[in-house]
Amino acid sequence: MAATRSSELGDLVQIKKQLISIIAQCKERGLVHSVKWASELAFSLETLPLNEIPPPPELTEEDAQDLDAFCLAKSYFDLKEYDRAAYFLRGCRSQKAYFLYMYSRYLSGEKKKDDETVDSLGQARTENGPLEKGQVRNEALRELRVELSKKHSAGELDGFALYLYGVVLRKLDLLKEAVEIFVAATHALPLHWGSWLELCNLITNIEMLKSLSLPDCWVRDFFTAHMYTELQMIKEALQKYHSLMEAGFAKSTYIISQIAVAYHNIRDIDQALYLFNELREQDPFRIENMDTFSNLLYVRSMKPELSYLAHNLVEIDKYRVETCCVIGNYYSLRSQHEKAALYFQRALKLNPRCLGAWTLMGHEYMEMKNTSAAIQAYRHAIEVNKRDYRAWYGLGQTYEILKMPFYSLYYYRKAHQLRANDSRMLVALGECYEKLSQQVEAKKCYWRAYSVGDVERMALLKLAKLHEQLNESDDAAQCYIIYIKDIFSCGEQLEHAEVSNALRYLGQYYFKNRLYDEASLCAQRCCDYNDAREEGKALLRQISAVREQGEPSSTDLSLPCVFNPLSNNTTPVRRVSPLDLSSITP
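These remarks concern the structure in this document. (Residues numbered from 1 in each chain as written. Predicted model: local features only at pLDDT ≥ 70, side-chain atom pairs only at ≥ 80, totals over all residues. Heavy atoms only, no water.)

## Quick word on the overall build of the protein chain
Quick reminder of the rule: Helix numbering and strand numbering both begin at the N terminus, where a helix is a DSSP run of H or I of at least 4 residues and a strand a DSSP run of E of at least 2. Each residue is placed in one exposure class: buried if its accessible area under a 1.4 Å probe, protein chains only, is under 20% of its type's maximum, exposed if it is over 50%, and partly exposed if it falls in between. Should any heavy atoms of two residues lie within 4.5 Å, those residues are considered in contact. Computed with a 1.4 Å probe, the accessible areas rest on the Shrake-Rupley method; for each residue, only the protein chains presented here act as cover.
Each helix and strand counted, the protein chain has 30 helices and two strands in total. Relative to its full complement of 586 residues, the protein chain shows a buried share of 52%. In the protein chain, the proportion of contacts linking residues at least 24 apart, taken out of those at least 6 apart, comes to 59%. Per element, the accessible surface of the protein chain, about 29,000 Å² overall, is 49% carbon and sulfur.

## A look at helix α10 (residues 193–200)
Most of α10 sits out of view: seven of its eight residues are buried. Taken together, the buried positions of α10 are occupied by Trp193, Gly194, Ser195, Trp196, Glu198, Leu199 and Cys200. Contacts made by the buried residues of α10 are with α3 (32–44), α8 (159–171), α9 (175–188), α12 (219–230) and α14 (253–265).

## Some points on the nonpolar core
Formally: Residues belong to one nonpolar core when they are buried, are Ala, Val, Leu, Ile, Met, Phe, Trp, Tyr or Cys, and are joined through side-chain atoms within 4.5 Å.
Membership of the largest hydrophobic core comes to 189 residues, with the highest contact counts inside it found for Trp37, Tyr106, Leu199, Trp218, Phe222, Phe223 and Ile255. For this core, the leading source of residues is helix α27 (residues 473–489), giving 10 residues.

## Topic: the packing of α8 against α9
To keep things clear, this is the line we draw: Here, axes are lines fitted to C-alpha atoms. For helices the fit covers the stretch in contact, and angles between N-to-C directions go from 0 to 180 degrees. Working definition: roughly parallel below 35 degrees, roughly antiparallel above 145 degrees, roughly perpendicular at 65 to 115 degrees, and oblique for all remaining angles. Handedness of a crossing follows from how the near helix is turned relative to the far one, being left-handed for an anticlockwise turn of less than a right angle and right-handed for a clockwise one. Basically, the charged four are Asp, Glu, Lys and Arg, the nonpolar ten are Ala, Val, Leu, Ile, Met, Phe, Trp, Tyr, Cys and Pro, and anything else, Gly included, counts as polar.
The geometry of α8 relative to α9 is characterised by a closest axis approach of 8 Å and an angle of 165° between their N-to-C directions. In terms of orientation, α8 lies roughly antiparallel with respect to α9. Here α8 runs over α9; the crossing is left-handed. In contact with Gly159, Leu162, Tyr163, Tyr165, Gly166, Val167, Leu169 and Arg170 of α8, α9 contributes Leu175, Glu177, Ala178, Ile181, Phe182, Ala184, Ala185 and Ala188. Per-class residue counts for the contact of α8 with α9 are 12 nonpolar, two polar and two charged.

## Thoughts on empty space enclosed by the protein
Operational definition: Put simply, the grid is 1 Å and covers the protein atoms alone, a cavity is a trapped set of points that fit a 1.4 Å probe, a pocket is an open set with protein on both sides within 12 Å along at least five of seven lines, and lining residues have an atom within 4 Å of a point. Grid points are joined across faces, edges and corners, and a volume is the space filled by probe spheres set on the points.
Counted by the stated rule, this structure contains two cavities of 30 Å³ or more. Estimated volume of the largest cavity: approximately 40 Å³. Around the largest cavity, the lining residues are Leu59, Asp63, Asp66, Leu67, Phe70, Ser94 and Lys96. Here the lining of the largest cavity takes four residues from helix α4 (residues 61–78), the largest share from any one element. When grouped by side-chain class, the residues that make up the lining of the largest cavity number three nonpolar, one polar and three charged.

## Describing the packing of α9 against α10
With their axes 9 Å apart at the nearest point, α9 and α10 run at an angle of 150° to one another. When the axes of α9 and α10 are compared, the pair comes out roughly antiparallel. Crossing hand, α9 versus α10: left-handed. Contact residues: Val179, Phe182, Val183, Ala185 and Thr186 in α9; Ser195, Trp196, Glu198 and Leu199 in α10. Among the residues forming the contact of α9 with α10, the class breakdown is six nonpolar, two polar and one charged.

## Comments concerning the packing of aromatic side chains
The test is simple: Classification of ring pairs rests on two measures: the distance between centres of Phe, Tyr or Trp rings, Trp counted by its six-membered ring, which must be within 6.5 Å, and the angle between planes, read as stacked under 30 degrees, edge-to-face over 60 and tilted in between. Only when the NZ atom of a Lys or the CZ atom of an Arg is both within 6 Å of the ring centre and within 35 degrees of the ring normal do we say a charge sits over the ring.
Under the defined criterion, the tally for this structure stands at 29 aromatic pairs. Plain terms: the ring middles of Trp193 and Tyr254 are 6.3 Å apart, the flat faces sit at 80° to each other, and that makes the pair edge-to-face. Taken as a pair, Trp193 in helix α10 and Tyr254 in helix α14 lie far apart in primary sequence, 61 residues in all. In this structure an aromatic cluster arises from ring pairing among Trp37, Trp193, Trp218, Phe222, Phe249 and Tyr254. Stacked on the ring of Tyr389, the Lys or Arg Arg419 has its end atom at 4.4 Å from the ring centre.

## What about the layout of surface pockets?
Counted as a void, the second largest pocket has a volume near 790 Å³. Together, 25 residues line the second largest pocket, and Arg267, Val299, His363, Arg390 and Arg424 are the ones closest to its centre. Top contributing element to the lining of the second largest pocket by residue count: helix α20 (residues 355–367), with five residues. Classifying every residue of the lining of the second largest pocket gives 11 nonpolar, seven polar and seven charged.

## Observations concerning the pattern of salt bridges
Stated precisely, the cut-off is as follows: The term salt bridge refers to a side-chain nitrogen of Lys or Arg lying within 4 Å of a carboxyl oxygen of Asp or Glu.
Applying the stated criterion across every chain yields a total of 33 salt bridges. Put simply, Asp221 and Lys240 hold a salt bridge, and the shortest N to O gap is 3.3 Å. Of this pair, Asp221 sits in helix α12 while Lys240 sits in helix α13 (residues 234–249), and the two are 19 residues apart along the sequence. Each of the two residues, Asp221 as well as Lys240, counts as buried.

## Focus: the side chain of Gln258
As a reminder of what qualifies: Under this definition, polar contacts are N or O atom pairs within 3.5 Å; protein pairs additionally need one hydrogen-donor-capable and one acceptor-capable atom, and for neighbouring residues in sequence, both atoms have to be side-chain atoms.
Within the secondary structure layout, Gln258 lies in helix α14. With a relative accessible area of 10%, Gln258 lands in the buried category. A distance of 3.1 Å separates a polar atom in the side chain of Gln258 from a polar atom in the side chain of Tyr241. In this structure Gln258 touches His226 and Tyr241, once residues within four positions along its chain are discounted.

## Let's talk about a nonpolar patch on the surface
Stated precisely, the cut-off is as follows: Each patch is built from residues lacking any salt bridge and having more than 30% relative accessible area; the joining distance is 9 Å for like charges and 5 Å for nonpolar side chains (Val, Leu, Ile, Met, Phe, Trp, Tyr).
On the surface, a nonpolar cluster with roughly 270 Å² of combined accessible area is contributed by Leu72, Tyr87 and Phe88. By the element assignment, Phe88 lies in helix α5 (residues 82–88). You can call Phe88 partly exposed: its relative accessible area is 35%.

Structure representation (structure tokens):
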């Protein structure tokens, strides 16, 4: 299969023709996002000569009979007068007109549902108070399902109608059936990106992805890369995107943006910022993905750059969802959380299904100590996309603040399942287990967090302190040794309490075990820190007094060993030498 797709990708002229054809078909049916995706790819390829441009599809007899009604309805559809468009398409027999008729009814129901969502948290008001979760729904869905099901059973649905049928099933939470229909839609019309994208939202893990029987088409490579990104398989996603660029899509702004998002997901901030800046140079009026760019600027506290981006987007289109999110991030960086929340609310009024706005608004409510509103916001984010680890993690933090560790543990586990190698999720799980007095599980989480690459450099410290509480002095010392070596080897600024605490503990530990040379080195390092200076001097005096009495250092004392909490065997894994600080300078 891979070889077949590679050969297909090699024929860029044929791909260009296919893109031009699908652009025309999607444009006729009002599928604007698929039009945009295909147009961006087509623009990145070489221009075709006039004699190579594919002709428009021929009209059937049914198309000709429905032409006037279709043109009239499409004009109303473009003006978002969906009921009016559907009215004039009643009785039309062509597949194109039938799709627009059903799609108009679907969008009419969606528009009415969104109009009922009058407050920022997506709750509609009634005489008896707010509606409960799930009561605001598209009333047209059930009728559409019945009609499309009959047509499907008769084998009368084309690729576009199958796509719409899948969307209806997904909206009704009939997910298994929706997956089957979307797979059928990709086979019927492999070039329609909308079907692939909807399928992405329903795939929960790599096993499910591998189990699907998908068409062997070059679009599948784009789908697989996108799917890898969604499943946090970033290494595989980057390899796939780079191979697509080498195959001829090097100028594609879509691929550049996806690579930037992938780097954002693995917190490679420098590379992501570089790519987003390159993207803005190529497409200076681009608004898509700029909310993700603003998240990176926020994390780096790049206030001038974030301010410039916000002003620039306001000049382009201040009523876009992404613009509102960027402005919200700007105010959040300035600690104006009420204003930030207001702009995230505006984003949600423009698009109630905007995942990023729900999550960011949850963060702002957390900053404002409004835990109930934060919980609602995070839950709405999960409704939009159950793979959003940030929302699960935010719920865990919220319940942690409410001192409900069992709830917190559940949500942190969900976040960890989505980001198995993210140390922040593991540290949060460890803290929950500690509060629930499940020390063995806590040890496993902290050790695993260190093993996968501790982003915040907190896992070893928490593991060491847990060992201290359990009077496991050898294991605590070992954790502090590794922590100190990591910190000094990275050349980080060491003016903080954690390093001095670690040195203070190790000094006392070595002194108790009569390793006076190592204890002396730790005590000397303690003198470099204001909060540990006096204790360091006191320890040096104790060491001097002991040495004056002629008491020798212990040279054959069993030294601390690495404790591996991931193993059921608590015997030492390997022995290490005492901490050598003589060759390390802060």
